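Here are the chains, one letter per residue:
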Amino acid sequence: MSLDIATIRRIARLARLALSEDEAEKMCGELNEILTFIEQLLEVDVEGIPPMTSVVPTTMKMRQDVVTEGSLAEEIVANAPLSECNFFLVPKILE
């Protein structure tokens, strides 16, 4: 897969990026290199290889799933600047 300048400009417009002609040319080369590398990775046979979370064998630390004190809502919001019905009140940031 290869990207052309028109596709790069469309992607930049969708991402709300203003690219000059030189930046678009550079971005085109860089993205094409990335896509070439991804195509190489897709050629690797990983059949039968289990997924890993780390390159070093580790085991996850587990704790007992037990019920703890859950009736502390009033104490939790006691130091909050604003609260209502045991919920934190925060200023609205979206209009």
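For the structure, see preceding data.
To keep things clear, this report deals only with the structure shown in the data block. If you're wondering where the values come from, they're calculated on a predicted model, not measured in any experiment. (Residues numbered from 1 in each chain as written. Predicted model: local features only at pLDDT ≥ 70, side-chain atom pairs only at ≥ 80, totals over all residues. Heavy atoms only, no water.)

**Re the overall build of the protein**
Piece 1. A count of helices and strands for the protein gives three helices and two strands.
Piece 2. Its helices and strands taken in sequence order, the protein reads α-α-α-β-β from the N to the C terminus.
Piece 3. Against the globule reference of 12 Å for 95 residues, the protein gives a C-alpha radius of gyration of 26 Å, more extended than a compact globule.
Piece 4. When burial is assessed residue by residue, the protein has 8% of its 95 residues classed as buried.
Piece 5. Sequence separation of at least 24 residues holds for 26% of the intrachain contacts in the protein that already meet a minimum separation of 6.
Piece 6. Split by element, the accessible area of the protein, about 9500 Å² in all, is 60% carbon and sulfur.
Piece 7. For the protein, the distance from the average position of its 8 positive side-chain charges to the average position of its 17 negative side-chain charges is 6 Å. (Helix = DSSP H or I, 4+ residues; strand = E, 2+ residues; numbered from the N terminus. Rg over C-alpha atoms; globule rule 2.2 N^0.38 Å. Buried < 20%, exposed > 50% of the residue type's maximum accessible area, 1.4 Å probe, protein only. Contact = heavy atoms within 4.5 Å. Areas by Shrake-Rupley, 256 points an atom, 1.4 Å probe, with all protein chains shown as cover. Lys, Arg positive; Asp, Glu negative; His and termini not counted. Charge placed at Lys NZ, Arg CZ, Asp CG, Glu CD.)

**A look at the pattern of salt bridges**
Piece 1. Going through the model one piece at a time under the given rule, you end up with one salt bridge.
Piece 2. Between Arg 9 and Glu 21 there is a salt bridge, with the nearest N and O atoms lying 2.6 Å from each other. Of this pair, Arg 9 sits in helix H1 (residues 5-14) while Glu 21 is found in helix H2 (residues 21-42), placing the two residues 12 residues apart along the sequence. (Salt bridge = Lys/Arg side-chain N within 4 Å of Asp/Glu carboxyl O.)

**Topic: the side chain of Asn 32**
Piece 1. Structurally, the position occupied by Asn 32 is in helix H2.
Piece 2. Here Leu 3 takes part through its backbone nitrogen, which lies 2.7 Å from a polar atom of the side chain of Asn 32.
Piece 3. Excluding anything up to four places from it in sequence, Asn 32 contacts Met 1, Ser 2 and Leu 3. (Polar contact = N/O pair within 3.5 Å; in protein donor to acceptor, adjacent residues only side chain to side chain.)

**Some details on H2**
Piece 1. Compared with an ideal rise of 1.5 Å per residue, which puts 22 residues at 32 Å, H2 spans 31 Å between its outermost C-alpha atoms and is within 8% of the ideal.
Piece 2. Turning to H2, its buried residues number three or more, namely Ala 24, Cys 28 and Asn 32. With its buried residues spanning 75° around the axis, H2 presents them on a single face. Facing away from the buried side of H2, by more than 90 degrees, are the exposed residues Asp 22, Lys 26 and Glu 33. (Expected span 1.5 Å × (residues − 1). Arc of directions from axis to C-beta.)

**Focus: the packing of H1 against H2**
Piece 1. Closest axis-to-axis distance for the H1/H2 pair is 9 Å, and the angle between their directions is 105°. Compared by their axis directions, H1 and H2 come out roughly perpendicular. Judged by residue contacts, Ile 5, Ile 8 and Arg 9 of H1 engage Glu 21, Ala 24, Glu 25, Met 27, Cys 28 and Leu 31 from H2.
Piece 2. Of the residues assigned to the contact of H1 with H2, the class counts are six nonpolar, no polar and three charged. (Axes fitted to C-alpha atoms, helices over the stretch in contact; angles between N-to-C directions. Parallel < 35°, antiparallel > 145°, perpendicular 65-115°, else oblique. Nonpolar A, V, L, I, M, F, W, Y, C, P; charged D, E, K, R; others polar.)

**Observations regarding the environment of Asp 22**
Piece 1. You can see Asp 22 is positioned in helix H2.
Piece 2. C-alpha separation for the pair Asp 22 and Pro 50, spaced 28 residues apart in sequence, amounts to 43 Å.

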